[in-house]
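Analysis of the macromolecular model
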Amino acid sequence: MAKKKTTTKKKTASKKVSLKPSKQNTIILGSLLILFSMALFFSFVSFYFTWQDDQSLLTEFSDRNEEAKNLLNKFGASVSHFFVYKGFGIATLIFTILLCITGLYLFLNLDKKGLLRKWIWGLIFMVWISIALGFAAETHPLLGGLVGYEMNDFLKDYTGAIGVVLILLFGLVLILVRLFNFTPDSIIQFFSRKGKTTSKKEKDANTTESKASTDVIEVKEDEAPVVIDTYTHKKDIPSIEKEEVKDDFEVNVPVEEETEDSLSMEVEKIVEEKEETDNIADKLVEDFGEFDPTLELGNYKFPTIELLDPHGVTGGITINQEELEENKNKIVETLKNYKIGISQIKATIGPTVTLYEIVPEAGIRISKIKNLEDDIALSLAALGIRIIAPIPGKGTIGIEVPNKNATIVSMRSVIASSKFQKAEMQLPIAFGKTISNETFVVDLAKMPHLLMAGATGQGKSVGLNAVLTSLLYKKHPAEVKFILVDPKKVELSIYNKIERHFLAKLPDSEEAIITDNAKVINTLNSLCIEMDNRYELLKTAMVRNLKEYNAKFKARKLNPNDGHKYLPYIVLVIDEFADLIMTAGKEVETPIARLAQLARAIGIHLIIATQRPSVNVITGIIKANFPARIAFRVTSKIDSRTILDAQGADQLIGRGDMLYTQGNDVTRIQCAFVDTPEVDKITEYIGSQRAYPNAHELPEYSGEESGTSIDYEIADRDAMFRDAAEVIVTAQQGSASLIQRKLKLGYNRAGRIVDQLEAAGIVGPFEGSKARQVLVPDLLALDQLLSNEGSK
């Protein structure tokens, strides 16, 4: 292991010292094209001033004694004659620009995605200019070149002068629309803005002129105001009493039109800014491609299928015809003993359970068959008989009977299935196989949270490993991060090797896998802060969920300078939830309930496992926000109802046999088996590759104490104390997270400011999960309180 890492570092160091020959050749070729384009440019420009003097030298190119007037001598004269005179005229300068751009792309090693498009449209534009100049200046062939002259002559012979004009206009529209994103709306907006600017200037001129041409004469106490219009030379004497003139005289300036103009201008400005932002984003995508979050670990290799064991399963399910016939006869005979006739029966063979579907004769009540569950189990001498009456979506009744020889469902067979490999899901999870032997794949992002429960040794830990293995095989380290909580301290420790690839933890935390219950509380609260921060980013980006946000960020429509960044999915896995509830209670339940209610849209998903599914562990708040649930075998019907709100989990056969529901139908699945050595090989494979410098860091969180007895001196207060006080009083909500979000502070500093606010009497004492009470009603009272403190 150590040798592999040393080798990798040496290779990396060698790459930094020397360039590959291919890259060296690219730089050399790029510089050559840049210099060659400059030579052509000077030759072409010089040609228009020296072509007459150099005309006679074109046939004497090999004579070294002759000297041309062109800036690049005979070479410049010959090349210019070919490209400008025999070619495209002035438009040939576009060719030099394209050549220079190509050289820059090669020299600077830029992404060449948009280069071909520049050449295509540049050459089209060059041909159009050549033809247009050939048409406009027929007597000066140097302007359009021989190509423009001949093309113009050819088109005139078939379409006439008007036809050439129309063709040129169509070419101009094509170039403007495709190359410069021209639209008719942009023309209308341009002229409308010009018109509004002109009308506003006229209005201002008229206002100034009217003010200059109107005089107001002062009024004595016993006279009414007299307004003299200098245009008509008439006196307008209002019939107002002198008391009204002195006390009630008002001048109302109508501002409706100007307000409307400014509003429309503001709207147009916003639209223009948005269009400009979109155009910049499109340009960036065109030049550099979409943002790739996996680029930092661009050489990351996904785990190979060979790391998983087949567990002795080489083919499909073995069909025991004798067992099928025997079970069918016993089911028919048992029902016949209770005078229940069957018109049809068929079997569907699964890896561990066979489903017998029966169609009872007309007039038979379904409840009568349902009540015979124990009698059928007795006659078949089998454990785990489950009757589904009726099967949802079918007109049949199902009787599930365990196979005598169960087939192991290996994780390898599930991962290798086309259903998993071709799954277009955000967070695909392959649980195992159904009774019909189909691979069962679901999307964790749509669940959005998962509750797992079952008695000891029935497959919960294997189920968690199956979930994590599915995501490791499908997602890049940049796309998903795990927070692993393991109170048992031994179940999830195997994932320590991928800490810097896939795990997330609190800042300054030594271990990425959390085993201490006190750290669990801090981690959950930190995750709540992360959730709030992500919602702020979604709000400013004007999107509704993480998928839309990341798509917008990849399209370079969000500015990283504004705090935007690519956000990975975060999956919180808690292996034994009952232990946390026993030791921490509400301190754990409250943040988990908050995350379960709100975290779906911003890509934070919870997976909680417990072996004691009692109502004081899986409370109503948790159940309401965990629609997706998995039940392994439990000991009683009450536990089954606690998990699934239905019976059946008490009749499972164990060893990975499980029931899955997402709020509607219940599906029986044989969980895929992945052994500890397999997980060890996967984590070893990932951990040996180049990783991020550190594990993904969660926001800093420091738990608030139950109040503070410290009396802070005014001089010791934080520099942001006054700003924080104004934020708290304005919002009437005393919490450190609010200060952190509004003032962009770390959580430790925000917590200290809250303590200072309590000491100053601005907020009340700590009240558990609730926000502190704000004791100051408004900003005026705050100013008075702080000024009184300063005068003491």
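Quick note: structure is the one above.
Attention here is on the structure that accompanies the text. Just so it is clear, the model here is predicted, and its values are computed rather than measured. (Residues numbered from 1 in each chain as written. Predicted model: local features only at pLDDT ≥ 70, side-chain atom pairs only at ≥ 80, totals over all residues. Heavy atoms only, no water.)

**Quick notes on the nonpolar core**
Under the convention used in this document: As used here, the term nonpolar core means buried Ala, Val, Leu, Ile, Met, Phe, Trp, Tyr and Cys residues forming a set that is joined through side-chain atoms within 4.5 Å. Working definition: with a 1.4 Å probe on protein chains only, accessible area under 20% of the residue-type maximum means buried, over 50% means exposed, and in between means partly exposed. Each helix corresponds to a stretch of at least 4 residues labelled H or I by DSSP, and each strand to a stretch of at least 2 residues labelled E; elements are numbered beginning at the N terminus. Contact definition: two residues touch when any of their heavy atoms are within 4.5 Å.
Core analysis: the biggest nonpolar cluster contains 103 residues, and Phe 431, Phe 482, Tyr 495, Phe 577 and Tyr 660 have the highest contact counts within it. In terms of residue count, the dominant contributor to this core is helix α17 (residues 517–541) (9 residues). Setting aside its immediate chain neighbours within four residues, Tyr 495 contacts Asn 465, Leu 468, Leu 472, Leu 484, Leu 503, Ile 513, Val 679 and Thr 683. Within the second largest apolar cluster, 25 residues are counted, among which are Ala 725, Leu 738, Tyr 747 and Ile 762.

**Regarding the sheet that holds strand β6 (residues 386–388)**
To be explicit about the condition: Any two strands are treated as partners once DSSP identifies two or more bridges connecting them. Here, axes are lines fitted to C-alpha atoms. For helices the fit covers the stretch in contact, and angles between N-to-C directions go from 0 to 180 degrees.
One open sheet accounts for 4 strands, arranged β4-β5-β7-β6; its pairing is antiparallel. With partners counted over all chains shown, the strands left at the sheet margins are β4 (342–349) and β6, one partner each. Strand-to-strand twist in this sheet, taken as the mean axis angle between neighbours without regard to direction, amounts to 20°. Inspection of the sheet shows β4 paired to strand β5 (residues 353–360) by 7 bridges, in the antiparallel sense. By the bridge assignment for β5, Lys 346 is matched with Glu 357. Its contacts with the sheet place helix α10 (residues 321–337) against β4, β5 and β7 (397–402), and it is angled at close to 40° to β5.

**A word on the pairing of strand β13 (residues 569–574)**
For β13, a buried count of 6 out of 6 residues is recorded, marking the element as mostly surrounded by other parts of the structure. Burial along β13 is two-sided: Tyr 569, Val 571 and Val 573 facing one way and Ile 570, Leu 572 and Ile 574 facing the other are all buried. Where strand β11 (residues 480–485) meets β13, 6 bridges bridge the pair, whose relative direction is parallel. Residue pairing across strands places Leu 484 opposite Val 573, the latter belonging to β13. Judged from the 5 bridges that link them, β13 and strand β14 (residues 604–610) form a sheet pairing that is parallel. The partner of Ile 574 across the bridge, within β14, is Ile 608.

**Structural notes on the side chain of Asp 443**
Heads up, the condition is: Only four residue types enter the charge count, namely Lys and Arg as positive and Asp and Glu as negative; His and the chain termini do not. Every case where a carboxyl oxygen of Asp or Glu lies within 4 Å of a side-chain nitrogen of Lys or Arg is listed as a salt bridge. Under the rule applied, a polar contact is a pair of N or O atoms within 3.5 Å (in protein, one hydrogen donor and one hydrogen acceptor; residues adjacent in sequence only if both atoms are side-chain atoms).
Checked against the element boundaries, Asp 443 lands in strand β9 (residues 439–443). Comment: no salt bridge for buried Asp 443; closest opposite-charge side chain is Lys 446, at 4.9 Å. Reaching out from Asp 443, the side chain makes a polar contact with the backbone nitrogen of Gln 426 at a distance of 3.3 Å. Ignoring any residue separated from it by four or fewer positions in sequence, one finds Asp 443 in contact with Met 425, Gln 426, Leu 427 and Pro 428.

**Focus on the environment of Val 467**
In this structure, Val 467 sits in helix α15 (residues 460–474). A sequence separation of 40 residues divides Val 467 from Leu 427, and the C-alpha atoms of the two residues are 9.8 Å apart.

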